[in-house]
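Results of the structural survey
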Amino acid sequence: SGTATVQAAWEALKRSERASLTQFLNRDGIEMTPAFILCESPVFLKNACDNFEVGLESAIRVLLRVYESAAARFADSGKTVIRVRLGKLTMIARSFSGSVAFQDLPFELERLDDGEALVQPKVWIPVSNPTVLENLAKTSMQLASDLLKNRVSEDSFKLRISKTFPELSYFGTSMEIACAQRDQTIGAMLS
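Treat the numbers as computed from the prediction; the structure is a model and nothing was measured.

Conventions we followed
- Sequence order as written defines residue numbering, which begins from 1 separately in each chain.
- Thresholds applied to this predicted model are a pLDDT of at least 70 for local features of residues and 80 or more for the giving and counting of side-chain atom pairs; totals over whole chains, interfaces and linings are not thresholded and use all residues.
- Excluding hydrogens and water, the side-chain figures rest on all heavy atoms present in the structure.
- For our purposes a nonpolar core is just a set of buried Ala, Val, Leu, Ile, Met, Phe, Trp, Tyr and Cys residues, chained together by side-chain atoms within 4.5 Å.
- Buried means the residue's accessible area, taken with a 1.4 Å probe over protein chains only, is under 20% of the maximum for its type, while exposed means over 50%, and partly exposed covers the values in between.
- A helix here means a DSSP run of H or I that spans at least four residues, while a strand means a run of E at least two residues long, and both kinds are numbered starting from the N terminus.
- By the convention used here, residues are in contact when the closest approach between their heavy atoms is within 4.5 Å.
- Pairing of aromatic rings covers Phe, Tyr and the six-membered ring of Trp, with a centre-to-centre limit of 6.5 Å; geometry is then stacked below 30 degrees between planes, edge-to-face above 60, and tilted otherwise.
- In this description, a disulfide is simply a cysteine sulfur pair whose atoms lie within 2.5 Å.

**Section: the nonpolar core**
- Within the largest apolar cluster, 32 residues are counted, with the highest numbers of intra-cluster contacts made by Phe-36, Phe-44, Val-66, Val-84, Leu-89, Phe-102 and Val-119.
- When residues of this core are traced back to their parent elements, those giving at least two are helix H2 (15-26), strand S1 (35-39), helix H3 (41-50), helix H4 (55-73), strand S2 (81-85), helix H5 (88-95), strand S3 (107-113) and strand S4 (116-121).
- Here this core gets 9 residues from one element, more than from any other, and that element is H4.
- Excluding residues within four positions of it along the chain, Phe-36 makes contact with Phe-24, Arg-27, Tyr-67, Ala-70, Ala-71, Phe-74, Ile-82 and Val-84.

Written as structure tokens, this is what we have:
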């Protein structure tokens, strides 16, 4: 159930993470300032839960990092309430398929004015973990072998190629031009 999922994610957090998150969530903009409104957070959390490679626990850790970044970035602001737009982060949570943990996804917090910021995810993540690189190499060799032996349907290829080459996720899925470029790249890889 949803409650059990939330409880399990909460309990998986370190005590210090729970305490910090509780402090941020309790900021009301009156007694505790500034308060932070994370715009699009319901969509972000839903997308994270729907993506088995992300999950609620990682999503909560990312939100905590956003809160911490906002607190540092707006320490000098006289505003009592700061709006933080998650923006592209919500779409990345839906389509993320990376070679690193989602909770480690780097981002920058762009301060738009004294009371508003935008999260700018940095989806280009260099992979240096030898185990991950070895697994990607094995997966790509198996895919190439299956292709040469005509054992892969187009649908199967599209599914496997995203896991084999996580760089394809950098195209995203929300903009028509990015989808066209991704599809063109996948088509070139298939030929």
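**Quick word on the packing of aromatic side chains**
- For the structure shown, the criterion picks out 5 aromatic pairs.
- An angle of 65 degrees between the planes, with centres 6.3 Å apart, marks the rings of Phe-24 and Phe-36 as edge-to-face. Taken together, the positions of Phe-24 in helix H2 and Phe-36 in strand S1 put the pair 12 residues apart, joining distant regions of the chain. Each of the two residues, Phe-24 as well as Phe-36, counts as buried.
- Judged by centre distance (5.1 Å) and plane angle (70 degrees), the rings of Phe-96 and Phe-102 are edge-to-face. Phe-102 shares its class with Phe-96; the two are buried.
- In textbook terms, an aromatic cluster arises when at least three aromatic residues are bridged by ring pairs, as seen for Phe-24, Phe-36 and Tyr-67.

**Some words on the state of the cysteines**
- Tallying each qualifying case throughout the model produces 0 disulfides.
- Residue Cys-39 stays outside any disulfide, its sulfur separated by 19 Å from that of Cys-49, the closest cysteine.
- Owing to a relative accessible area of 11%, Cys-39 belongs among the buried residues under this scheme.

**Some remarks on unusual backbone geometry**
- A cis amide bond, omega -10 degrees, links Thr-33 with the succeeding residue Pro-34.
- Inspection of the secondary structure assignment puts Pro-34 in the loop between H2 and S1.
- Phi at Asn-150 takes a positive value of approximately 55 degrees, unusual for a residue other than glycine.
- By secondary structure assignment, the location of Asn-150 is in the loop between helix H6 (130-148) and helix H7 (154-164).
- Asn-150 sits in the exposed class, given a relative accessible area of 72%.

Interpretation note: all reported values are geometric properties and have no functional meaning in isolation.
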